[in-house]
Amino acid sequence: MSDRFKENFLFGSASAAYQVEGAYQEDGKGISIWDNWVKIDGKTFRGTNGEVAADHYHRFKEDVMLMKEMGLKAYRFSVSWTRILPDGKGGIEKKGLDFYEELIDELIRNDIEPVLTIYHWDLPQKLQDEYEGWESRQIIDDFAAYAKVLFEAFSGKVKYWIINNEPNIFTQLGYLMELHPPGKKDMATYLKTYHHTALAHAKVVKIFKEGGYSGFIGSSIAYTPGYSASDSEEDKEALRRYYETVNWWIMDIYYKGEYPKWGFKEFTRRGIAPEVTEEDMVLLKEAASLADFIGINYYQSATLANNPVDGVSLGEFNVTGEKGNFKESGVPGLYRQVYNPNLEYTDWDWAIDPDGLRHALVEITERYHKPILISENGIGAFDEIEDEKIHDDYRIEYIRSHIRACHDAIEEGVDLWGYCTWSFTDLLSWLNGYQKRYGFVFIDFEKNDLPRIKKDSFEFYKEVIRTRGQNCMNEENL
Ligand code: BGP
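Residues numbered from 1 in each chain as written. Predicted model: local features only at pLDDT ≥ 70, side-chain atom pairs only at ≥ 80, totals over all residues. Heavy atoms only, no water.

## Considering unusual backbone geometry
Link 1 in the chain: Geometrically, the link from Pro-181 to Pro-182 is a cis peptide bond, its omega value of 5° lying close to zero.
Link 2 in the chain: Inspection of the secondary structure puts Pro-182 in the loop between α8 (167–175) and α9 (187–210).
Link 3 in the chain: In this model, Trp-422 is joined to Ser-423 through a cis peptide bond whose omega is 15°.
Link 4 in the chain: Residue position: Ser-423 is located in the loop between β14 (416–422) and β15 (441–443).
Link 5 in the chain: The backbone phi angle of Asp-111 is positive, close to 60°, even though this residue is not glycine.
Link 6 in the chain: Mapped onto the elements of the fold, Asp-111 is located in the loop between α5 (94–109) and β3 (113–119).
Link 7 in the chain: Taking the relative accessible area as the measure of exposure, Asp-111 reaches 59% and is therefore exposed. (Helix = DSSP H or I, 4+ residues; strand = E, 2+ residues; numbered from the N terminus. Buried < 20%, exposed > 50% of the residue type's maximum accessible area, 1.4 Å probe, protein only.)

## What about the site of the ligand?
Link 1 in the chain: Taken together, 14 residues surround the ligand, and among them Gln-19, Glu-166, Ser-429, Lys-436 and Tyr-438 come closest.
Link 2 in the chain: His-120 is positioned with one of its side-chain polar atoms (N or O) 2.8 Å from an oxygen atom of the ligand.
Link 3 in the chain: The separation between an oxygen atom of the ligand and a polar side-chain atom of Glu-376 is 2.9 Å.
Link 4 in the chain: Within the complex, 91% of the 380 Å² of free accessible area of the ligand lies under protein.
Link 5 in the chain: Here the shell around the ligand is built from residues that sort into six nonpolar, five polar and three charged. (Near = heavy atom within 4 Å. Polar contact = N/O pair within 3.5 Å; in protein donor to acceptor, adjacent residues only side chain to side chain. Areas by Shrake-Rupley, 256 points an atom, 1.4 Å probe, with all protein chains shown as cover. Nonpolar A, V, L, I, M, F, W, Y, C, P; charged D, E, K, R; others polar.)

## A look at a negative patch on the surface
Link 1 in the chain: On the surface, Glu-384, Glu-386, Asp-387 and Glu-388 cluster together to form a negatively charged patch.
Link 2 in the chain: Here Glu-384 falls in the exposed class, since its relative accessible area comes to 55%. (Patch = residues over 30% accessible without salt bridge, like charges linked within 9 Å, V, L, I, M, F, W, Y side chains within 5 Å. Salt bridge = Lys/Arg side-chain N within 4 Å of Asp/Glu carboxyl O. Lys, Arg positive; Asp, Glu negative; His and termini not counted. Charge placed at Lys NZ, Arg CZ, Asp CG, Glu CD.)

## Points about the packing of aromatic side chains
Link 1 in the chain: Counted under the stated rule, the structure contains 52 aromatic pairs.
Link 2 in the chain: Considering the side-chain rings of Phe-326 and Tyr-339, the 5.7 Å spacing of their centres and the 70° angle between planes classify their relative orientation as edge-to-face. Here Tyr-339 lies in the loop between β10 (335–338) and β11 (344–345) and Phe-326 lies in the loop between β8 (302–305) and β9 (329–331), a separation of 13 residues in the sequence.
Link 3 in the chain: The ring of Phe-99 carries the charged tip of Arg-83 above its face, separated from the ring centre by 6.0 Å.
Link 4 in the chain: The lysine or arginine in question, Lys-436, covers the ring of Trp-350, its NZ or CZ lying 3.8 Å from the ring centre. (Phe/Tyr/Trp six-rings, centres within 6.5 Å; stacked < 30°, edge-to-face > 60°. Lys NZ or Arg CZ within 6 Å of the ring centre and 35° of its normal.)

## Brief notes about the state of the cysteines
Link 1 in the chain: All chains considered together, the criterion is met by zero disulfides.
Link 2 in the chain: Here Cys-406 is not disulfide-linked; the sulfur of Cys-472 is the nearest cysteine sulfur, at 9.3 Å. (Disulfide = S-S within 2.5 Å.)

## Quick word on the nonpolar core
Link 1 in the chain: Among the nonpolar cores identified, the biggest contains 145 residues, and Leu-116, Ile-118, Phe-151, Trp-161, Met-251 and Tyr-461 are the most heavily contacted of them.
Link 2 in the chain: Residues in contact with Phe-151, not counting those within four places in the same chain, are Ile-118, Trp-161, Val-204, Ile-207, Phe-208, Tyr-213 and Ile-217.
Link 3 in the chain: Within the second largest apolar cluster, eight residues are counted, among which are Val-115, Tyr-160, Ile-162 and Phe-293. (Core = buried A, V, L, I, M, F, W, Y, C linked by side-chain atoms within 4.5 Å. Contact = heavy atoms within 4.5 Å.)

## Comments concerning the environment of Ile-399
Link 1 in the chain: The topology assignment puts Ile-399 in helix α14 (residues 393–411).
Link 2 in the chain: For Ile-399, a relative accessible area of 2% corresponds to the buried category.
Link 3 in the chain: For the pair formed by Ile-399 and Gly-378, sequence separation is 21 residues and the distance between their alpha carbons is 6.6 Å.
Link 4 in the chain: In contact with Ile-399, not counting residues within four places along its chain, are Tyr-419, Thr-421, Phe-440, Phe-460 and Tyr-461.

## Examining helix α13 (residues 354–368)
Link 1 in the chain: The terminal C-alpha atoms of α13, which comprises 15 residues, lie 21 Å apart, in line with the 21 Å expected from a rise of 1.5 Å per residue.
Link 2 in the chain: For α13, the full list of buried residues reads Gly-356, Leu-357, Arg-358, Ala-360, Leu-361, Val-362, Glu-363, Ile-364, Thr-365 and Tyr-368.
Link 3 in the chain: Along its buried surface, α13 packs onto β6 (226–228), α10 (233–255), β7 (294–297), β13 (372–376), α14 and β14.
Link 4 in the chain: Positive phi appears at His-369, one or two residues downstream of α13, with a value of about 55°. (Expected span 1.5 Å × (residues − 1).)

Now the structure itself:
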């Protein structure tokens, strides 16, 4: 392969409605679980919320102009369910549809491929109140009806559809770690809600295919490949258990239509396995073969070690950015995630591991035999602004090394359709506030007019796109 990515490779960037739009009560929008969660004391970093965020709702044209200037090939955004169906179901709010239509048209006019995420965590509060949202199977039909509204409205214009964003993260943080709404802590509920996300995904894949809508569909999973901390039998076994109960668990049900056997047995033994009916299996199998691609969000790898039955549990995250607060966490009797001395870490103690991305892409290809779209990758950092400039060379280095890893993976046979960074402009980090920045475009959140300022990484990614990745291949091109 040449050192350039192929011409139609989607060099893109991603965002999510709640993190970027603001305008949380405008144009008939209903209230989501996040609109309420951020109002509870102590739930987010210093009480930060997305009520204004980057004000993308009002300034999307300006943002798309910047994307155009960069030459961005794809922009991944999510639709806020409650802008379209304020109560989660029933009446459609036309102004909500109009907003996304205008955004999509603006992107297309500027040669940017819209990549639409149907669900990025902002569940309508009404559905939470009525039947506990994801805990009930009722969510499946409501979710499917919502997706269908979007297919009817935007098919033909939108080619790439991501149904669910990181269902493994929002169920884990929401039902096992009390960190996201609805703030529960119960492993069985986490496994049950995850199962429901898979069923909702499967139903939507079927509707899309049976409806004859054109384009490609899949869901995006947050994928954290694992290594064993040592060559000891115990650590290698911990790694295997991590794959059976985490990586293959979350991926297989979406892309093979079944759970890994050992993992399912283990959760059954513990009395926490989800209820899986015959009908579920038929639907899941069918959807697994129909899905067009696998969306992967990659940020870091995990290093696993033995965790005795009285060992550590899933703990807290570093949300302050005070580096060096990495805490071991895990599931007793299964695995424990440990610090990896061979890797660099970000200020939020996330392991920086470009080779982990290559490794992930290759192992996913081997197991599922489907094309992959990287729907998120990036580094959260404190960016300093000096004389209207932001020298974010750490971000350039992070993205450059990960693009190189993509290139290596393609050489190893991975069918990779695109690479979206997280994120285009700075935006809200769910639990870490506005100080953890990811964008190519700096936003001064202290100022009322939220000025946009291009960072050094903006010029770098522009060059990535122009040279189709060639500028990432050699150190001297930095
Ligand atoms: C992913 C989410 C994004 C985004 C990103 C960065 O899990 O899909 O919405 O937030 O992670 O994470 P954080 O903001 O926690 O640093």
